[in-house]
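Spelled out from the first residue to the last, the chains are:
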Amino acid sequence: MTAISVENLTQSFGRRTVLDRICFDVAAGQFFIIIGPNGSGKTTLLKLLTGLLSAQDGDITVMGRCLKDYNPRALAQQVAYVPQNVLVEFPFSVTEVVLMGRAPHLGMLGVETPEDLELAQEAMMITDIIHLADRRLDELSGGERQRVLIARAICQRPRILLLDEPTSALDLAHQARIMDLMETLKNDHGITVVMISHELNLAAMYADQVLVLSRGQIACMGAPDQVLNKELLERVYECNLMVDMSSVGNYPRVHLVPKRFLR
Amino acid sequence: MSFATSALVRRMVLVSLVLMVILAVVMVLGLATGSAGFALTPVIQGLTGTGEGSLLHDIVWRLRFPRVLLAAFLGATLSLGGMVFQALLRNPLAEPYILGISGGSAIGAIIGILMGLSRFPGVWLTSFAGSLTTLMVLYIMASQSARLWTNNLLLSGVMVNAFCSAIIMFLVSMTQDSRLHNILFWLMGDLSAANIGNVIALGVTVVPCFVVIFTRSHAMNLFALGNDMARSMGVNVKATSTLLLLVTTLMVSATVSYCGLVGFVGLVMPHMLRLALGSDHRILTPASILGGAAFLVICDTLARTLPEQGEMPVGVVTAMIGAPLFVYLLKKSNT
């Protein structure tokens, strides 16, 4: 089954073409990671998939239904979105923010039932923020805030989870924790995870499929050990790299090579 | 009802009840206070349906009661209007007064007064037209660059407000006759024209707006995480924000056409309530309505009684209490 299907997707801002006739499918229950240099169109692609931008040309199908045919609420029951960062002006508590994820499943006033509260507790437990439950969001560090937003998305109980660089503000331990968590969501709950990442090595360790975006086009797509090779990455990222296999498992490992070692 | 459900609902009811009691006490005190001295007896007699016919009874119930009621509606509307603008723009400094919406509505109202229209519905309609115009100008100015929407809107609002003030002063300086005093006094917030018919008409206009806003209170919570996030959690962002802006402009312009420009209530009350009660708009909406009403009834009572002769515009009192209070709160919340 296909969770997301993208056909001939084209998007330009003014004269600049950000995405140029992109086609790909994301199978249901996959961990799908999108990589690519800055400005390659990753965030635009993700915003199109969430329906935050409407496509200028091409079709997006989500869970077998055309994206245009969803109303915001119906889409929110299928797809949750975690942006790069969120500034919150008002001092909501962590629990309040996590509970907001229940919105597409609740009535107009969003009055929560005990089940909703349990789901929020569970989401806070697995993202390791349960000890922050009563703290105000604006008192937290960037990494803690990121985990709150992820907990909120989990609480939304989507079929598809879209994340824009969720690990960029996190230390190593929490990076591993979030990636492990995504793997668990995929394996135990059958959730399709689509993530933008700059961490090639995390993509290598966790992704079922990696999509390499370069200047608005797909440079390559496939399993990490096929996609993450020296030639392709050096061409796309325009820098010197070394790629070998990890001794931990059978996945490629990408290293930067500093200029001073190049002679 | 289950426990968690009633936790939110219980909090909503509890907060509303406490503020209702405060509002009731403040209204009784407002009714009992005036240039004829402080007297609780006629208020209590009136509430129990006795004592009709006495002069004091007439003063309290014919003169003061419509005015106290008007102050309550005014305060509720301005405070709630401030809260809605703050939620939509994600900026605790946003308020119809600061954004120039009230200014535009004042221009409309002055034109209406100069045309010799009646307060209702004539002046209200010109006032609504004026505020809608500024809202549209703001929208166009701010939407030129989508990225800094909130900041741009606030800056544009400051400019719109300055422009509106200039036009207001222009209109005032062109006016020579007795209408001048009327306009000037009304501009600073004048509640003395209250009569019970008009006040009820205002109530009928603003109370449905309160209800509409309350039904969108949870959506306003989601707006706090940004428009994109609200949308990704199922809110129809465009429809909801348009509805909220329209309804708020409608009720604010209705009060401006009656009472003139009263600032700071929309800034101070939601801010104070947010510090005390948290950010959940499902609680803040009823709290802003009741708290704003109580605050303005107090300010109006002071405006009526502080000067030894006559009275001062209530806008003077709200600004004199509101501005220092706001600075104090700002300082306190930053430490």
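Residues numbered from 1 in each chain as written. Chains lettered and ligands numbered in written order. Predicted model: local features only at pLDDT ≥ 70, side-chain atom pairs only at ≥ 80, totals over all residues. Heavy atoms only, no water.

1. Topic: the nonpolar core
Counting 186 residues, the largest nonpolar core has Ile4, Ile35, Val98, Leu162 and Met182 of chain A as the members making the most contacts within it. With 17 residues, helix H3 (residues 55-89) of chain B is the largest single contributor of residues to this core. When sequence neighbours within four positions are dropped, the list of residues in contact with leucine 162 of chain A reads Ile4, Leu46, Leu49, Thr50, Val79, Ala80, Tyr81, Val82 and Val194 of chain A. (Core = buried A, V, L, I, M, F, W, Y, C linked by side-chain atoms within 4.5 Å. Buried < 20%, exposed > 50% of the residue type's maximum accessible area, 1.4 Å probe, protein only. Helix = DSSP H or I, 4+ residues; strand = E, 2+ residues; numbered from the N terminus. Contact = heavy atoms within 4.5 Å.)

2. Re the sheet that holds strand E5 (residues 65-66) of chain A
Residue and element names in this part refer to chain A. In space, the four strands of this open sheet follow the order E2-E1-E4-E5, with antiparallel pairing throughout. Pairing within the sheet leaves two strands with one partner each, and these edge strands are strand E2 (16-27) and E5. Where strand E1 (residues 2-13) and strand E4 (residues 57-62) come together, five bridges link them in antiparallel fashion. Its bridge partner lying in E4, serine 5 is registered against threonine 61. Most of the contacts of helix H1 (residues 42-49) go to E1, to which it runs at about 120 degrees, and overall it touches E1, E2 and E4. (Pairing = 2+ DSSP bridges. Axes fitted to C-alpha atoms, helices over the stretch in contact; angles between N-to-C directions.)

3. Here we look at the packing of helix H9 (residues 196-215) of chain B against helix H12 (residues 237-259) of chain B
All names here are of chain B. Where H9 contacts H12, the two axes come as close as 10 Å, and the packing angle between them is 160 degrees. Considered as vectors, H9 and H12 are oriented roughly antiparallel to each other. Seen from above, H9 lies across H12 with left-handed handedness. Seen from H9, the contacting residues are Asn198, Ala201, Leu202, Thr205, Val206, Cys209, Phe210, Val212 and Ile213; seen from H12, they are Leu243, Leu244, Val247, Thr248, Leu250, Met251, Ala254, Thr255 and Tyr258. (Parallel < 35°, antiparallel > 145°, perpendicular 65-115°, else oblique. Left-handed = near helix turned anticlockwise from the far one by under 90°.)

4. Examining the confidence of the model for chain B
Per-residue confidence for chain B averages 85 on the pLDDT scale, and 94% of its residues sit at or above 70. The complex prediction reports pTM at 0.89, with the ipTM value standing at 0.88. (pLDDT = per-residue confidence, 0-100.)

5. A few points about helix H5 (residues 101-114) of chain B
Residue and element names in this part refer to chain B. The first and last C-alpha atoms of H5 sit 20 Å apart over 14 residues, in line with the 20 Å expected at 1.5 Å per residue. Every buried residue of H5 is accounted for by Ile101, Ser102, Gly103, Gly104, Ser105, Ala106, Ile107, Gly108, Ala109, Ile110, Gly112 and Ile113. A positive backbone phi angle near 75 degrees is found at glycine 116, which sits one or two residues after H5. (Expected span 1.5 Å × (residues − 1).)

6. Description of the pairing of strand E3 (residues 31-35) of chain A
Within a regular strand, side chains alternate between the sheet's two faces. Residues and elements named next belong to chain A. In terms of burial, E3 is a largely internal element, five of the five residues being buried. Because side chains alternate across E3, one face comprises the buried residues Phe31, Ile33 and Ile35, and the other comprises Phe32 and Ile34, equally buried. By the bridge criterion, four bridges tie E3 to strand E9 (residues 209-214) in an arrangement that is parallel. Bridged to isoleucine 34 within E9 is leucine 211.

7. Focus on the interface of chain A and chain B
Taken residue by residue, the interface counts 35 residues in chain A and 32 residues in chain B. When the buried area of chain A at its contact with chain B is split by residue, Pro72, Phe90 and Leu109 of chain A rank highest and sum to 24% of it. Our count for the chain A to chain B interface comes out at two salt bridges. Close ionic contact of aspartate 228 of chain B with lysine 47 of chain A constitutes a salt bridge, the shortest N to O distance being 3.3 Å. Taken together, the elements giving at least two residues each to the side of chain A that touches chain B come down to helix H2 (72-78), strand E6 (79-82), helix H3 (94-100), helix H4 (114-126) and helix H5 (142-155) of chain A. A per-class count over the side of chain A that touches chain B returns 23 nonpolar, six polar and six charged. (Buried area = accessible area lost by both parts, 1.4 Å probe. Salt bridge = Lys/Arg side-chain N within 4 Å of Asp/Glu carboxyl O. Nonpolar A, V, L, I, M, F, W, Y, C, P; charged D, E, K, R; others polar.)

8. Topic: the pattern of salt bridges
Enumeration according to the criterion identifies 18 salt bridges over all chains in this entry. Close ionic contact of arginine 282 of chain B with glutamate 112 of chain A constitutes a salt bridge, the shortest N to O distance being 3.2 Å. Of this pair, arginine 282 of chain B sits in helix H14 (residues 281-305) while glutamate 112 of chain A sits in the loop between H3 and H4, on two different chains. For the pair shown, arginine 282 of chain B and glutamate 112 of chain A are each scored as buried. One network of salt bridges, with partners in common, ties together Glu112 of chain A together with Asp280 and Arg282 of chain B.

9. A closer look at the packing of aromatic side chains
One pass over the full model with this rule turns up three aromatic pairs over all chains. Ring geometry for phenylalanine 24 of chain A against phenylalanine 32 of chain A: centres 5.5 Å apart, planes inclined by 15 degrees, an arrangement best described as stacked. Assigned by exposure class, phenylalanine 24 of chain A and phenylalanine 32 of chain A land together as buried. Their ring planes at 45 degrees and their centres at 5.2 Å tell us that tryptophan 61 of chain B and phenylalanine 65 of chain B sit as a pair that is tilted. Taken together, the positions of tryptophan 61 of chain B and phenylalanine 65 of chain B, both in helix H3 and four residues apart, correspond to about one turn of that helix. When the ring centre of tyrosine 70 of chain A is taken as origin, the NZ or CZ atom of arginine 65 of chain A, which lies over that ring, is 4.4 Å away. (Phe/Tyr/Trp six-rings, centres within 6.5 Å; stacked < 30°, edge-to-face > 60°. Lys NZ or Arg CZ within 6 Å of the ring centre and 35° of its normal.)

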